[in-house]
Every structure is written in C-alpha cells, then in structure tokens.
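Here's the letter readout for the chains.
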Amino acid sequence: MSFEKKVLVIGSNSFSGACFSSYALKQGAHVIGMSRSDEPNRVFLPYRWMGKDERFKFYPYDINHHQDEIMKVVNRDKPSLIVNFAAQSMVGQSWERPEDWFRTNAVSTVMLHNKLRWCDFIDRYVHVTTPEVYGSTDGFIDEETPFNPSTPYAVSRAAADMSLKTFVEAYGFPAISTRAANVYGPGQQLYRIIPRAILYFRLGKRLQLHGGGLSCRSFIHMDDVSSATWSLMDGGRVGETYHISTNEVVTIRELVERICRKMDLRFEDCVEVVGDRLGKDAAYLLDSSKIRSELGWKDSINLDVGLDQCISWVDQNLDVLKAQSFDYVHKS
C-alpha cells in the first residue's frame, strides 16, 4: 500500500476510530478525521499521545447533519481509502429512542454510501459493522451466518449492511465489511466494561454486573483490530465481510474476576449483581479463520497483556479520568 495515500476515518473520536487513526499515522499515512463532536480530552485520543501530528486533519462533521460538508472535503482531498466507524453503538439504550439509531446507522449511512459511490478515486471503503446482527449464537460462527438481530441497534446495523451489499453488486462500489469481537484497550470510553471496572475499583466503587456476568464474549485488543483493518484495505476482497477476533472466550464474570486478581482485590467486595439488559445476546463468538488464511493476519496481544495495559492507562491518568463522565451520554 502506498503510504502517500490519504485515509479518511469517519468516526475518528470513537475509541476504535481514534486507535485506528493512531495506527494509520504510524504506518506513514495522512489521515483525515471526522466525528460529530469536537475532539474529547486527549486521554481518549491515542493519535494525540505522541503529540500533534501535521499529517492529521480533523473536522467536526456529523453524518446526520453535515453530509454536504463531508463530501466537499472528500471531493477536494480525494482520499483513496475510507474507514467508517461512525454509528450509534449502545445496545441497551437503543430501546429508548430507536429512531435515533435507525437515522444514524441506517438512513444517514445509506445516504452517505449513495454519495460516495460516485467517487471514482476511492480504492477501498471499509464499513465497520457489528456481530450483533447475528443475534445470540451457539459456538463459533463464520461470515455466512444468517442475520437474526434482537435489538433496535442490531436491526439498524443489519439494514445498512444489506444495503451496502446491493451497492457493491449494482455499482461496483469497492466496499469491504468488518465485524470485530468485543474491542478494548487503553483510551476506551469509561462506560465500557474493562475501563469502567478498573476505574471503579481504583475509586472504591462497586461495579454492577448485569445478569451475574454469565454472557460469553471474546475480547480483542484494538491494536490487533487496527492491524487487521489496515491489511484489509490493501488485500481484502471487495464485497466480502471479514471477522476480526481472537479464539479466547471468557464470561463477563471471568473477565471481572481476572481484573480483580490483577488489582489484588476480592471479587465479592467489588461487584453488585443486577438484572440483565433487555435483548442482550448470551453469546456471539466469531470464527476469524477467513482473514487469517487469506491475509496471514493474526492477533498478537493476549488478554492478560491487554488488561495490564488498561490498568496502567487508568493509573497514569487517574486524576483526569475520575473527573470525566462514567456514563454514556446520548447524542441524537
């Protein structure tokens, strides 16, 4: 891949988008970042941790309200590579105002695709979607698994996924889709389970464990997801979907127990078991053999190493983090 090419990262303030922007800069790329809000505290922006980089340009553009502005930048700067992380992503909250999730994840996303398909300078468009579209599943599943979404969030993402497939087939739009397991790493928003648990335990607060933490998940470090995404921009097959995951499976309870051990705390002293969330999937485990066999990609950061990194990040930034909001704040 030519490092002189520009990469547009839509949703660059998200955890995944910020980490990928940092990864792309380290590969020598020029990055155009766009997100619906101004940049948050730099503690949540890995691409800012090495100082200001002139190869990164940021625009506070929202796909719901600024598509004309977005397209003006796209047609002016002509990025050959686009990765779209932008989405309303909270599952439980999608029941409260489902119309907001459908507007962002389906209507506005399809509108954007319909504009981008005319840009003949785009070599690859990576659509970052979610395994939530499969619903709860048994065992490891591959990319051909039928959709069975069980929440407004999942239905809204499935709608855009299916629409994009028609754009590839009808127009030759050079899109690739990715579905990653549960991502984590330093810099993640505090309402996510790993940073929330670590910060709560450092502050002596009890963590609410929904449903006793019995649901199974595979957690993958965002640096591994970024390396996979980078590889797919260069070598992934247009029209294909790729799972990005590890093969290690833990329950949420086991995950929290592991964090407690690393912090020399008793699990029983740190958690409060509460009722489960509506529509929460018991498990989704992704078979990632496709990207491994086609591109030779493999994950390199195991969960123990990644959790140590997250604990260090919280400890190094504790004064800043404890002053931030611990809860998800909805923006329509």
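Residues numbered from 1 in each chain as written. Predicted model: local features only at pLDDT ≥ 70, side-chain atom pairs only at ≥ 80, totals over all residues. Heavy atoms only, no water.

Draft legend 1. Geometry of the pattern of salt bridges. A complete count under the given rule lists 21 salt bridges for this structure. Across the salt bridge formed by Lys322 and Asp319, the nearest N and O atoms sit 3.6 Å from each other. The partly exposed category is assigned to Lys322, whose relative accessible area is 44%. Note on Asp319: relative accessible area 59%, which makes it exposed. (Salt bridge = Lys/Arg side-chain N within 4 Å of Asp/Glu carboxyl O. Buried < 20%, exposed > 50% of the residue type's maximum accessible area, 1.4 Å probe, protein only.)

Draft legend 2. Geometry of the sheet that holds strand 1 (residues 6-10). The sheet built from seven strands is open, its strands ordered 3-2-1-4-5-7-12 with parallel pairing. If you trace the sheet from one side to the other, it starts and ends with strand 3 (56-59) and strand 12 (241-244), each paired once. Neighbour-to-neighbour, the strand axes of the sheet open up by a mean angle of 20°, direction not taken into account. As paired elements, strand 4 (residues 81-84) and strand 5 (residues 124-129) share four bridges and run parallel to each other. Following the sheet pairing, Asn84 is matched in strand 5 by His127. Seen against the sheet, helix 2 (residues 67-77) touches strand 1, strand 2 (30-34) and strand 3 and runs at an angle of roughly 170° to strand 2. Here helix 6 (residues 222-235) sits on the sheet and contacts strand 1, strand 4, strand 5, strand 7 (175-180) and strand 12; the angle it forms with strand 12, its principal contact strand, is near 160°. (Pairing = 2+ DSSP bridges. Helix = DSSP H or I, 4+ residues; strand = E, 2+ residues; numbered from the N terminus. Axes fitted to C-alpha atoms, helices over the stretch in contact; angles between N-to-C directions. Contact = heavy atoms within 4.5 Å.)

Draft legend 3. Inspection of the packing of aromatic side chains at higher detail. Throughout the structure, instances matching the rule amount to 11 aromatic pairs. Each ring, one from Phe44 and one from Trp313, has its centre 6.2 Å from the other, and the planes form 65°; the classification is edge-to-face. Here Trp313 lies in helix 10 (residues 303-316) and Phe44 lies in the loop between strand 2 and strand 3, a separation of 269 residues in the sequence. In this structure, Phe44 and Trp313 share a single accessibility class: buried. Considering the side-chain rings of Tyr125 and Phe173, the 5.3 Å spacing of their centres and the 40° angle between planes classify their relative orientation as tilted. Of the two residues, Tyr125 is situated in strand 5 and Phe173 in the loop between helix 4 (152-171) and strand 7; the sequence distance between them amounts to 48 residues. The exposure class of Tyr125 is buried, given its relative accessible area of 0%. Taken together, the aromatic side chains of Phe20, Tyr23, Phe85 and Trp230 make up a single cluster linked through ring pairs. A cation over a ring is seen here: Lys205 above Tyr200, with NZ or CZ 4.9 Å from the ring centre. (Phe/Tyr/Trp six-rings, centres within 6.5 Å; stacked < 30°, edge-to-face > 60°. Lys NZ or Arg CZ within 6 Å of the ring centre and 35° of its normal.)

Draft legend 4. Summary view of the packing of helix 3 (residues 98-116) against helix 4. Interhelical geometry of helix 3 versus helix 4 gives an angle of 10° and a closest axis separation of 8 Å. When the axis of helix 3 is compared with that of helix 4, the two are roughly parallel. Our pair here, helix 3 against helix 4, has a crossing hand that is right-handed. Contact residues: helix 3 offers Pro98, Trp101, Phe102, Asn105, Ala106, Thr109, Val110, His113 and Asn114, while helix 4 offers Pro152, Tyr153, Val155, Ser156, Arg157, Ala159, Ala160, Ser163, Leu164 and Phe167. Of the residues contributing to the contact of helix 3 with helix 4, the split by class is 12 nonpolar, six polar and one charged. (Parallel < 35°, antiparallel > 145°, perpendicular 65-115°, else oblique. Left-handed = near helix turned anticlockwise from the far one by under 90°. Nonpolar A, V, L, I, M, F, W, Y, C, P; charged D, E, K, R; others polar.)

Draft legend 5. View of the environment of Phe102. Among the secondary structure elements, Phe102 is positioned in helix 3. Using a relative accessible area of 29% as the deciding quantity, one classes Phe102 as partly exposed. The sequence separation of Phe102 and Arg55 amounts to 47 residues, and the corresponding C-alpha distance is 34 Å. Among residues more than four places away in sequence, those in contact with Phe102 are Val107, Pro152, Val155 and Ser156.

Keep in mind these numbers describe shape, not what the thing actually does.
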